Amino acid sequence: MRNVKAGICQMQVELDKSMNLQKAENMIREAAGNGSNIVILPEMFNCPYDTKYFSAFAEAYPGDTASMLSHLAKELGIYIIGGSVPEKDGDAVYNTSYSFDRDGKLIGKHRKMHLFDIDVEGGVRFKESDVLGYGQEATVFDTEYCKIGVAICYDMRFPELMRLMCKAGAEIIVIPAAFNLTTGPAHWEITVRTRALDNQVYFIAASSSRNLDFTYHAYGHSCIANPWGAIIKEADEKECILYGELDLDMVQKVRKELPLLKHLRNDIYEVCKK
Ligand SMILES: NC(=O)CC(=O)C(=O)O
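Parameters at a glance
Residues numbered from 1 in each chain as written. Predicted model: local features only at pLDDT ≥ 70, side-chain atom pairs only at ≥ 80, totals over all residues. Heavy atoms only, no water. Axes fitted to C-alpha atoms, helices over the stretch in contact; angles between N-to-C directions. Helix = DSSP H or I, 4+ residues; strand = E, 2+ residues; numbered from the N terminus. Parallel < 35°, antiparallel > 145°, perpendicular 65-115°, else oblique. Left-handed = near helix turned anticlockwise from the far one by under 90°. Contact = heavy atoms within 4.5 Å. Nonpolar A, V, L, I, M, F, W, Y, C, P; charged D, E, K, R; others polar. Salt bridge = Lys/Arg side-chain N within 4 Å of Asp/Glu carboxyl O. Near = heavy atom within 4 Å. Polar contact = N/O pair within 3.5 Å; in protein donor to acceptor, adjacent residues only side chain to side chain. Areas by Shrake-Rupley, 256 points an atom, 1.4 Å probe, with all protein chains shown as cover. Phe/Tyr/Trp six-rings, centres within 6.5 Å; stacked < 30°, edge-to-face > 60°. Buried < 20%, exposed > 50% of the residue type's maximum accessible area, 1.4 Å probe, protein only. Arc of directions from axis to C-beta. UniProt positions renumbered as here; feature names shortened; annotations may be inferred. Patch = residues over 30% accessible without salt bridge, like charges linked within 9 Å, V, L, I, M, F, W, Y side chains within 5 Å. pLDDT = per-residue confidence, 0-100.

A.B. asks: Quick rundown of the packing of helix α1 (residues 17-33) against helix α3 (residues 63-76)? Include the residues and the values.
C.D. replies: Two measures define how a pair of helices packs: the angle their axes make with one another and the distance between the axes. Across the interface, α1 lies against α3 with an axial gap of 11 Å and an inter-helix angle of 20°. Taken together, α1 and α3 sit at an angle that is classed as roughly parallel. You can see that α1 and α3 cross each other, and the crossing is right-handed. Of the residues in α3, those touching α1 at Leu 21, Ala 24, Glu 25, Ile 28, Arg 29 and Ala 32 are Asp 64, Thr 65, Met 68, Leu 69, Leu 72, Glu 75 and Leu 76. When its residues are assigned to classes, the contact of α1 with α3 shows eight nonpolar, one polar and four charged.

A.B. asks: Describe the pattern of salt bridges, with residues and values.
C.D. replies: Applying the stated rule across the entire model yields 21 salt bridges. The salt bridge involving Glu 59 is made with Lys 17; its shortest N-O contact spans 2.6 Å. Of this pair, Glu 59 sits in the loop between α2 (51-57) and α3 while Lys 17 sits in helix α1, and the two are 42 residues apart along the sequence. The network of salt bridges with common partners includes Glu 87, Asp 89, Lys 109 and Arg 111.

A.B. asks: Give me the lowdown on the site of the ligand, citing residues and values where you can.
C.D. replies: The environment of the ligand is made up of Glu 43, Tyr 49, Lys 112, Phe 116, Cys 153, Tyr 154, Arg 157, Ala 178, Phe 179, Asn 180, Thr 183 and Tyr 216. A distance of 3.1 Å is found between a nitrogen atom of the ligand and a backbone nitrogen or oxygen belonging to Ala 178. Measuring from an oxygen atom of the ligand, one finds a side-chain N or O atom of Tyr 216 at 3.2 Å. Taken by itself the ligand offers 270 Å² of open surface, and the protein chains cover 100% of this.

A.B. asks: If you had to explain unusual backbone geometry to someone new, which residues and values would you point to?
C.D. replies: Of the consecutive residues Tyr 61 and Pro 62, the connecting peptide bond is found in the cis state with omega at 5°. Within the fold, Pro 62 resides in the loop between α2 and α3. Located in the positive-phi region is Gln 200, a residue other than glycine, with phi close to 55°. Looking at the element boundaries, Gln 200 is found in the loop between α5 (183-199) and β12 (202-207).

A.B. asks: For the packing of aromatic side chains, give the residues involved together with the corresponding values.
C.D. replies: Counted by the stated rule, this structure contains twelve aromatic pairs. For the pair Phe 179 and Trp 188, a centre-to-centre distance of 5.0 Å together with 65° between the ring planes defines the contact as edge-to-face. Grouping residues by exposure puts Phe 179 and Trp 188 together as buried. Among the aromatic residues, ring-to-ring pairing joins Tyr 49, Phe 54, Phe 116, Phe 126, Tyr 154, Phe 158 and Tyr 216 into one connected group.

A.B. asks: Help me get a handle on helix α6 (residues 249-257), residues and values and all.
C.D. replies: Buried within α6 are the following residues: Val 251, Val 254 and Arg 255. Take α6 and look down its axis: the buried residues cluster within an arc of 100°, on one side only. Looking at α6, the residues exposed on the side facing more than 90 degrees away from the buried face are Lys 256 and Glu 257. Those residues of α6 hidden inside the fold are in contact with α4 (159-167), β11 (170-177), α5, β12 and β15 (240-247).

A.B. asks: Give a detailed account of the UniProt feature "domain: CN hydrolase" (unreviewed entry) in the protein, specifying residues and quantitative values.
C.D. replies: With numbering matched to this structure, UniProt assigns "domain: CN hydrolase" (unreviewed entry) to residues 4-248. The span residues 4-248 is 26% helix and 31% strand, and its two end C-alpha atoms sit 8 Å from each other.

A.B. asks: Got a sec to walk through a nonpolar patch on the surface? Specific residues and values, please.
C.D. replies: A surface patch of nonpolar side chains, amounting to about 280 Å² of accessible area, comprises Trp 228, Leu 258 and Leu 260. Position of Leu 258 relative to the elements: it lies in the segment after α6.

A.B. asks: Tell me about the confidence of the model for the protein, and please be specific about residues and values.
C.D. replies: Of the residues in the protein, 100% reach a pLDDT of 70 or more, and the chain-wide mean stands at 97. Scored as a whole, the predicted complex attains pTM 0.98, and scored at its interfaces, ipTM 0.98.

A.B. asks: Now, about α4: what can you tell me, with residues and values included?
C.D. replies: When α4 is considered as a whole, its buried residues turn out to be Leu 161, Met 162, Arg 163, Met 165 and Cys 166. One or two positions beyond α4, positive phi appears at Gly 169, with a value near 105°.

A.B. asks: Outline the packing of α4 against α5, listing residues and values.
C.D. replies: Where α4 contacts α5, the axes come no closer than 10 Å and their chain directions differ by 40°. Judged by the inter-axis angle, α4 sits oblique to α5. At the point where α4 passes α5, the crossing takes the right-handed sense. In this structure, α4 contributes Pro 159, Met 162, Arg 163 and Cys 166 to the contact, and α5 contributes Arg 195, Asp 198 and Asn 199. Grouping the constituent residues of the contact of α4 with α5 by class yields three nonpolar, one polar and three charged.

A.B. asks: Just give me the short version of the side chain of Thr 143, but keep the residues and values in it.
C.D. replies: In this fold, Thr 143 is placed in the loop between β9 (139-142) and β10 (147-150). A distance of 3.1 Å separates the side chain of Thr 143 from the backbone nitrogen of Tyr 145, its partner in a polar contact. There is a polar contact of 2.6 Å between the side chain of Thr 143 and the backbone oxygen of Cys 146.

As structure tokens, then:
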């Protein structure tokens, strides 16, 4: 049996960065105290999800935020997938996720590859590319449980990237995210389930909770889908820690019983790195 307990911190993000860091620390400690092996934070957990704040909140690596996550991972002996934060690199700012192992070592760094530029009539309008640079690489890393792939929010809408992570051996895909009240009800759950089903992985989508003080209202509803495409845990829109047990043997069982990945017609089409 290969079991992992995941703790998803659906935290409320505020305007005050130090409050966000304190909140994240408290929630990580609580999730670890309740037996989580892997603790996950949401997209932009130290900064409101609004392009006007990204540059001012950005830190060059390691900075206070990544250092805190690394220390906590080591002290608590857990893996941390640190949501995402604005990262400063020279003149550029990226939407970046840092992951740490039980020794506090950085094992994954993902810069959001697909920037969220949308304009839905009567709904949400957002243009990350006004202020953010594009990530260039898919991110998959080893843990003692299995390989884990990490991407950020809008990245999950691109099946090619998810397939690339699956081909690189990911059995769990983790997506720190912040869908909204236009796209969330329509697309969140179906995208999570479909990506889990396509790739026969555990798919974890970790949102912030809904804060109506800001112009961008996160959908919340952090959830976990299993390799059969079923949602096994889902939060509502409020702040909480969502726990889920992942049975990694199920990944291999489903892949054996319904061998989608073996049946790919790579002679006709193939998702590959350029
Ligand atoms: N916030 C995002 O990056 C993506 C999102 O909200 C959506 O795809 O919808």
